[in-house]
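# Secondary and tertiary structure notes
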Amino acid sequence: ALFPGLFAEPQADWPANTIACGFARYDGTTVAPDLKAELHEFLAQGESPIVFTLGSSVAMDAGDFFARATTAAVRLNRRAILVTGQDPPAELPAAVRAFRYLPYSDVFPHAAVNVHQGGIGTFAQALAAGRPQLIMPAAFDQPDNARRAVRLGIARMLPLQRASVDVMV
């Protein structure tokens, strides 16, 4: 199991040889120096942004999530970074930057709050960053991970289907 025992106790239906081995924190490929420079320049320009991402599984079917996230950030008068997993929106407010991909270890530690889908890999990176989390689960392991994180007092949860702009602000 790619999580620590503190996160989930062994269950009766698990195979007998299951071992909770801790989080796997895969960060993907490194980014081009100019992209990293763009990130650091934006981070240096003001207060910590809200970071919005849907990880690797949900991002390909994000619908209007990133538009809603952008509108919520503007209404909150907060800067934001969108890690989209797809071509980022062409036009954004000056206080919002979008990246198709960033290693989470490069961006999550700088967030005012990390808003993500709660997949175990994304959750592990957000937890390691030590910043507040809002988990918006959609499918797979995400709802269970979100409930466990809330029970441990390390995140809040808002199901993705309920994440209207009004609810996010």
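Treat the numbers as computed from the prediction; the structure is a model and nothing was measured. (Residues numbered from 1 in each chain as written. Predicted model: local features only at pLDDT ≥ 70, side-chain atom pairs only at ≥ 80, totals over all residues. Heavy atoms only, no water.)

### Structural notes on a nonpolar patch on the surface
Keep this limit in mind: Patches draw on residues past 30% relative accessible area with no salt bridge. Two like charges within 9 Å are joined, as are two nonpolar side chains (Val, Leu, Ile, Met, Phe, Trp, Tyr) within 5 Å. Each accessible area value is a Shrake-Rupley result obtained with a 1.4 Å probe; residue values ignore everything except the protein chains displayed when judging cover. We define a salt bridge as a contact between a side-chain nitrogen of Lys or Arg and a carboxyl oxygen of Asp or Glu at a distance within 4 Å. Helix and strand definitions here come from DSSP, where helices need a minimum of 4 consecutive H or I residues and strands a minimum of 2 consecutive E residues; each element is numbered from the N-terminal end. Residue exposure (1.4 Å probe, protein chains only): buried if accessible area is under 20% of the type maximum, exposed if over 50%, otherwise partly exposed.
Together, L6, L127, L152 and I154 make up an exposed nonpolar region whose accessible area comes to about 350 Å². Along the chain, I154 turns up in the loop between α6 (142-151) and β6 (156-157). A relative accessible area of 31% places I154 in the partly exposed class.

### Observations regarding the layout of surface pockets
Rule in force here: Cavities and pockets were defined on a 1 Å grid built from protein atoms only: a cavity is a group of points that admits a 1.4 Å probe but offers it no way out, a pocket is an open group of points flanked by protein on both sides within 12 Å along at least five of seven lines, and a lining residue is one with an atom within 4 Å of any such point. Grid points are joined across faces, edges and corners, and a volume is the space filled by probe spheres set on the points.
By volume, the largest pocket amounts to about 500 Å³. Around the largest pocket, the lining is made up of 24 residues, and of these G55, S56, S57, Y104 and T122 lie nearest the centre. For the lining of the largest pocket, the secondary-structure elements that each account for two or more residues are α2 (55-58) and α5 (120-129).

### Quick word on the pairing of strand β1 (residues 50-53)
Definition in use: For two strands to be treated as a pair, DSSP must find at least two bridges joining them.
The alternating pattern of β1 places I50 and F52 on one face and V51 and T53 on the opposite face, and all of these are buried. Bridge count between β1 and strand β2 (residues 80-83): four bridges; the pairing is parallel. Its bridge partner being in β2, I50 is matched across the sheet by A80.

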